Amino acid sequence: MTLLVNEVFRSVQGEGPSSGQPAVFLRLANCNLACVWCDTRFSWDWTLFDPAKERHETRTTELASEIIAELHGINLLVITGGEPQLQQSSILELITALRVNSPNLRVEIETNGTIPPTPQFAEAIDLFVVSPKLANSSVPEKRRLRHRALASFPPDRSALKFVVTDPRELEEVAAVRAITGLPPNRTWIMPEGTTPDSVLRGLQRLSEPVARAGYNLSPRLHILMWGDARGR
Ligand SMILES: Nc1nc2[nH]cc(C(=O)O)c2c(=O)[nH]1
Ligand code: SF4
Ligand SMILES: [Mg+2]
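Numbers given for residues are sequential positions, taken from 1 along each chain in its written order. Written order determines the labels here, with chains lettered from A and ligands numbered from 1. A pLDDT threshold of at least 70 governs which residues receive local features in this predicted model, and a stricter bar of 80 or more applies before side-chain atom pairs are shown or counted, although totals over entire chains, interfaces and linings include all residues. Values shown for side chains rest on all heavy atoms present in the structure; no hydrogens or waters enter the calculation.

- As recorded by an unreviewed UniProt entry, the chain carries the name 7-carboxy-7-deazaguanine synthase and is attributed to Gryllotalpicola reticulitermitis.
- Taken directly from UniProt, the Pathway (unreviewed entry) text for the chain runs: "Purine metabolism; 7-cyano-7-deazaguanine biosynthesis." UniProt positions are given in the numbering used here, feature names are shortened, and annotations may be inferred rather than shown by experiment.

1. What to know about the site of ligand 2
(1) Moving on: Around ligand 2, the surrounding shell consists of Cys-31, Leu-33, Ala-34, Cys-35, Trp-37, Cys-38, Thr-40, Trp-44, Gly-82, Asn-112 and Lys-133.
(2) Moving on: Only protein atoms enter the 1 Å grid used here, on which a cavity is any set of points holding a 1.4 Å probe that cannot leave and a pocket is any open set flanked by protein within 12 Å on both sides along at least five of seven lines; residues with an atom within 4 Å of a point are listed as lining. Put plainly, a molecule is in a cavity or pocket when over half of its atoms are within 2 Å of the grid points there. When atoms are counted within 2 Å of each cavity's grid points, the one that captures over half of ligand 2 is the largest pocket.
(3) Moving on: Classification used: nonpolar for Ala, Val, Leu, Ile, Met, Phe, Trp, Tyr, Cys and Pro, charged for Asp, Glu, Lys and Arg, polar for all others including Gly. Per-class residue counts for the shell around ligand 2 are 7 nonpolar, 3 polar and 1 charged. Near residues are defined by distance, with any heavy atom within 4 Å of the molecule or strand qualifying the residue.

2. Quick word on the layout of surface pockets
(1) Moving on: Grid points are joined across faces, edges and corners, and a volume is the space filled by probe spheres set on the points. Taken as a whole, the largest pocket encloses approximately 770 Å³ of empty space.
(2) Moving on: In terms of lining residues, the largest pocket is bounded by 43 residues, among which Arg-27, Asp-39, Thr-40, Thr-80 and Gly-81 are the most central.
(3) Moving on: With 3 residues, the top contributor of residues to the lining of the largest pocket is strand E1 (residues 2-12).
(4) Moving on: Split by residue class, the lining of the largest pocket holds 16 nonpolar, 14 polar and 13 charged. Helix and strand assignments come from DSSP, with helices taken as H or I runs of at least 4 residues and strands as E runs of at least 2, each series counted from the N terminus.

Next up, the structure:
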């Protein structure tokens with residue numbers, strides 16, 4: 001089988017419950033949404049980027065070797081996109097191949113939560129970081145909030161992550177969180193921004209409202225460290 005790949009790189013998990021952990025990132029191509037503030041348009045927006053350059057059809061066996069070569073010393077693979085859950089069956093094959101070499105490899109998926117994981121896929125993933133989109137994404141609600149999908153992530157291995165542009169949006173977060181059934185202490189709130197200054201200002205503005213709601217605050221470590229550089 002093959003996967004449609006955008007990029008593979010070594011970095012540090014910049015967002016959510018594992019932020020600060022060194023990780024290899026696999027960014028898959030294509031997305032089923034189109035958020036106005038998306039910072040990875042090069043992985044799916046074929047009106048602005050050339051798929052011949054940004055979308056590589058790669059055999060899972062070949063990709064497994066590439067990832068193993070990047071891992072040395074690292075025990076976490078973060079699969080993101082785009083929307084990775086568009087390619088669940090090929091990801092499953094990839095993970096199976098990777099675990100022959102690295103049986104203890106942890107795998108996290110960054111997903112927009114619109115596509116339910118199959119039972120087999122849910123089994124294979126250590127952590128789903130489910131990031132439902134709010135009205136600030138400008139995606140119509142019917143497309144971005146799929147109730148059945150949002151309720152289908154394994155509660156013991158899932159976390160929620162929201163991109164918030166204003167503290168007032170925390171009310172909307174509460175309503176979406178209720179659909180998932182996940183508790184506030186499994187919820188991470190992250191400011192929008194692609195510069196260190198905007199991320200720091202967002203973190204400062206969010207810290208007290210996030211504390212009152214019982215959520216966690218998520219940095220965007222890679223932005224603080226490298227701005228919006230590619231492959232970081
Ligand atoms: N360092 C780093 N951490 C990340 N966590 C989630 C990312 C993403 O683009 O989904 C990401 C990313 O692009 N870089
Ligand atoms: S779901 Fe994620 S990758 Fe897709 S457009 Fe929105 S922010 Fe970008
Ligand atoms: Mg991202």
